[in-house]
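Chain by chain, the residues run as shown.
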Amino acid sequence: MIRYLSAGESHGPGLTVIVEGLPSHLAVSKDEIDQQLRRRQQGYGRGYRMKIESDEVEITSGVRFGLTLGSPVTMQIINRDFSHWTDRMSVWGQLPTDLKEVTRPRPGHADLAGAIKYDHADVRNVLERASARNTATIVAAGALARQLLSHFDMEVSAHVVEIGGERVGTLPETWDDLVHQANASPVRCADAEAESRMIRKIDEAKERGDTVGGVFEVVIRGCPVGLGSYAHPDRKLDGRLAGALMSIPAIKGVEIGLGFVSAHRFGSQVHDPILYQDGRYLRPSNGAGGVEGGVTNGQPIVLRGAMKPIATLYHPLPSVDMKTKQVEEASVERSDYCAVPAASVVAENMAAWVIAEAFLEKFGGDSMEQVKESFRVYQKRVSQR
Ligand code: EPS
């Protein structure tokens, strides 16, 4: 069993993530974790904060000479911006008497419900933790998970398929070409024509003081048959993946495989026939998106996430000042105009985390050698079915 716990406020001293349960002797690459963090910071439509930060992890436990020990791995990410916020975000001392509290909650953010729930007069106490800055910790945990998965030839990637209603048209034929093009695109889109439409839409949102959302697709290749289970609702992998993706800030919908499209087709147009060739089961299509009955079926896992537009609007919607109860414009916190490309990177790493969790449930051992051995035994069994 692996688990992680994250902590940190957006403008506090930094973010921390502790990953517990990794097998020993996993080679850890700080460069690969930092590379994932850099990918998360990029994307057309990001705000000024991303120019201030240059996220990287400092690993302070659980790794010795580049290998995991089997003990908890602690990763810390410094908030460079903290130095500009010590007056408002200091851990110690007294609240300044002239502190400007945030009292006009932003519709669509955790501000209002969070302030009521936790008895905060200053909404900053909510928004600092609810901030999408915390997605850096998901990426760091997921980046470690990917390093484990790579030993078993599993690979996770994502691309953006829609921004502000502008959808991809023609995509490259092979998944490798698609990923290559998406990685080179400022909106992480593998269709150059759609990319320009998406960029125009983001520019339009910026001009209007508005924001745009969109849709990304995550694909996990190389997953063995049999991760997750049909045996109990909370073990179903599709539910776990969907729940994990929905926990990313601003994600309002998740599809697996054909998803919502399957609801208006006949069964014969949805389900993937089962064939047997050269001693192996084959599926000529992948409408199921790699999961049947909550269990991986050996096909690529295909997930899509819908992101709502970011809640901070530079031309704000009406809100209520929680002090005076007067209708006022919602407060404005520095933000992004579009974070769909970044969300696709967060979702990749989140999905990698869930797969690693399910993988270690099935093949769990205390060292990499034990995990590999149990995986080899299982692969042999599968080849005999
Ligand atoms: C973000 C950090 C935040 C925002 C954004 C994403 O930093 P700041 O508030 O200093 O600009 O840019 O957060 C949100 C959109 C949000 O709603 O919280 C990040 O690291 O991804």
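Structure shown above.
Residues numbered from 1 in each chain as written. Predicted model: local features only at pLDDT ≥ 70, side-chain atom pairs only at ≥ 80, totals over all residues. Heavy atoms only, no water.

Quick look at the sheet that holds strand 9 (residues 214–221)
Read from one edge of the open sheet, 5 strands run 8-7-9-15-10, paired in antiparallel fashion. One side of each edge strand has no neighbouring strand; the edge strands of this open sheet are strand 8 (166–167) and strand 10 (251–256). Judged from the 7 bridges that link them, strand 9 and strand 15 (residues 301–307) form a sheet pairing that is antiparallel. Bridging across to strand 15, Val-218 finds its partner in Leu-303. The strands touched by helix 9 (residues 237–246) are strand 9, strand 10 and strand 15; relative to strand 10, the strand with the most contacts, the crossing angle is about 155 degrees. (Pairing = 2+ DSSP bridges. Helix = DSSP H or I, 4+ residues; strand = E, 2+ residues; numbered from the N terminus. Contact = heavy atoms within 4.5 Å. Axes fitted to C-alpha atoms, helices over the stretch in contact; angles between N-to-C directions.)

Quick look at the site of the ligand
Every one of the 14 residues lining the ligand counts as a neighbour, but His-11, Arg-40, Arg-49, His-109 and Arg-334 are closest to it. Between an oxygen atom of the ligand and a side-chain N or O atom of Arg-49, the distance comes to 2.8 Å. His-109 is positioned with one of its side-chain polar atoms (N or O) 2.9 Å from an oxygen atom of the ligand. In the complex, 92% of the free accessible area of the ligand, which totals 480 Å², lies under the protein chains. (Near = heavy atom within 4 Å. Polar contact = N/O pair within 3.5 Å; in protein donor to acceptor, adjacent residues only side chain to side chain. Areas by Shrake-Rupley, 256 points an atom, 1.4 Å probe, with all protein chains shown as cover.)

Regarding helix 11 (residues 368–383)
Taking 1.5 Å as the rise per residue, helix 11 with 16 residues should run 22 Å; its terminal C-alpha atoms sit 22 Å apart, in good agreement. For helix 11, the set of buried residues is Met-368, Val-371, Phe-375 and Tyr-378. Each buried residue of helix 11 sits inside an arc of 95 degrees when the element is viewed along its axis, so together they form one side. Turned more than 90 degrees away from the buried face of helix 11, the exposed residues are Val-377, Lys-380 and Arg-381. The inward-facing, buried residues of helix 11 contact helix 6 (135–150) and helix 10 (340–363). (Expected span 1.5 Å × (residues − 1). Buried < 20%, exposed > 50% of the residue type's maximum accessible area, 1.4 Å probe, protein only. Arc of directions from axis to C-beta.)

Some details on the sheet that holds strand 2 (residues 14–20)
The strand order across the open sheet formed by 4 strands is 1-2-6-3, and the pairing between neighbours is antiparallel. Looking along the sheet, the strands with just one partner apiece sit at the ends: strand 1 (3–7) and strand 3 (57–61). Ignoring strand direction, the axes of neighbouring strands in this sheet form an average angle of 20 degrees. Note: strand 3 against strand 6 (residues 73–78), 4 bridges, orientation antiparallel. Among the inter-strand pairings, Ser-61 is bridged to a residue of strand 6, identified as Thr-74. Packing of helix 1 (residues 30–41) onto the sheet brings it into contact with strand 3 and strand 6, and relative to strand 3 it is tilted by some 135 degrees. Those strands touched by helix 6 are strand 1, strand 2, strand 3 and strand 6, and its axis lies near 30 degrees from that of strand 2.

Topic: the pairing of strand 15
Where burial is concerned, most of strand 15 is hidden: 6 out of the 7 residues are buried. Here strand 10 pairs with strand 15 via 5 bridges, running antiparallel. Following the sheet pairing, Gly-253 is matched in strand 15 by Ala-306.

A few points about the packing of helix 10 against helix 11
It is at 9 Å that the axes of helix 10 and helix 11 come closest, and there the two elements cross at 80 degrees. Between helix 10 and helix 11, the angle is such that the two are roughly perpendicular. Mapping the contact onto sequence places Phe-359, Leu-360, Lys-362 and Phe-363 in helix 10 and Val-371, Ser-374, Phe-375 and Tyr-378 in helix 11. Along the lines of polarity and charge, the residues of the contact of helix 10 with helix 11 split into 6 nonpolar, 1 polar and 1 charged. (Parallel < 35°, antiparallel > 145°, perpendicular 65-115°, else oblique. Nonpolar A, V, L, I, M, F, W, Y, C, P; charged D, E, K, R; others polar.)

Concerning the nonpolar core
Counting residues in hydrophobic clusters, the biggest one holds 80 residues, and the most contacted among them are Ile-33, Met-75, Ile-163, Ile-301, Leu-303, Ile-355 and Phe-359. Ranked by residues supplied to this core, first place goes to helix 10 with 15 residues. Dropping the residues within four chain positions of it, Ile-33 is found in contact with Val-28, Val-57, Ile-59, Met-75, Ala-140, Ala-143, Leu-144 and Gln-147. Core analysis: the next-biggest nonpolar cluster, separate from the first, contains 7 residues, Trp-175, Val-179, Val-219 and Val-302 among them. (Core = buried A, V, L, I, M, F, W, Y, C linked by side-chain atoms within 4.5 Å.)

Observations regarding the environment of Val-291
Along the polypeptide, Val-291 turns up in strand 13 (residues 291–292). By relative accessible area, Val-291 is classed as buried at 7%. Among all residues touching Val-291, those that are not within four sequence positions of it are Asp-238, Thr-296, Asn-297 and Ile-301.

Considering the environment of Ala-136
Relative to the elements of secondary structure, Ala-136 occurs in helix 6. C-alpha separation for the pair Ala-136 and Ala-244, spaced 108 residues apart in sequence, amounts to 15 Å. Those residues within four positions of Ala-136 in sequence are excluded, and the remaining contacts are Leu-15, Leu-37, Arg-40, Asp-55 and Ile-77.

Details of the state of the cysteines
A complete count under the given rule lists 0 disulfides for this structure. Cys-189 forms no disulfide, and the closest cysteine sulfur to it belongs to Cys-338, at a distance of 11 Å. (Disulfide = S-S within 2.5 Å.)

Points about unusual backbone geometry
Within the chain, Asp-153 stands out as a residue other than glycine whose phi angle is a positive 60 degrees. By secondary structure assignment, the location of Asp-153 is in the loop between helix 6 and strand 7 (155–163). Judged by relative accessible area, Asp-153 falls into the exposed class, the value being 66%. Phi is positive for Asp-278, which is not a glycine, with a value near 50 degrees. Note that Asp-278 resides in the loop between strand 11 (275–277) and strand 12 (280–282).

Focus on the packing of aromatic side chains
Here the structure, examined in full by the defined rule, presents 9 aromatic pairs. When the ring of Phe-363 is compared with that of Phe-375, the centres are 5.1 Å apart and the planes differ by 85 degrees; the resulting orientation is edge-to-face. Here Phe-363 is found in helix 10, whereas its partner Phe-375 is found in helix 11, with 12 residues between them in sequence. Among the residues examined, Phe-363 registers a relative accessible area of 2% and is labelled buried. Every member of this aromatic cluster is reached through a ring pair, and the members are Phe-152, Phe-359, Phe-363, Phe-375 and Tyr-378. (Phe/Tyr/Trp six-rings, centres within 6.5 Å; stacked < 30°, edge-to-face > 60°.)

Shape is all these values report; function is a separate question.
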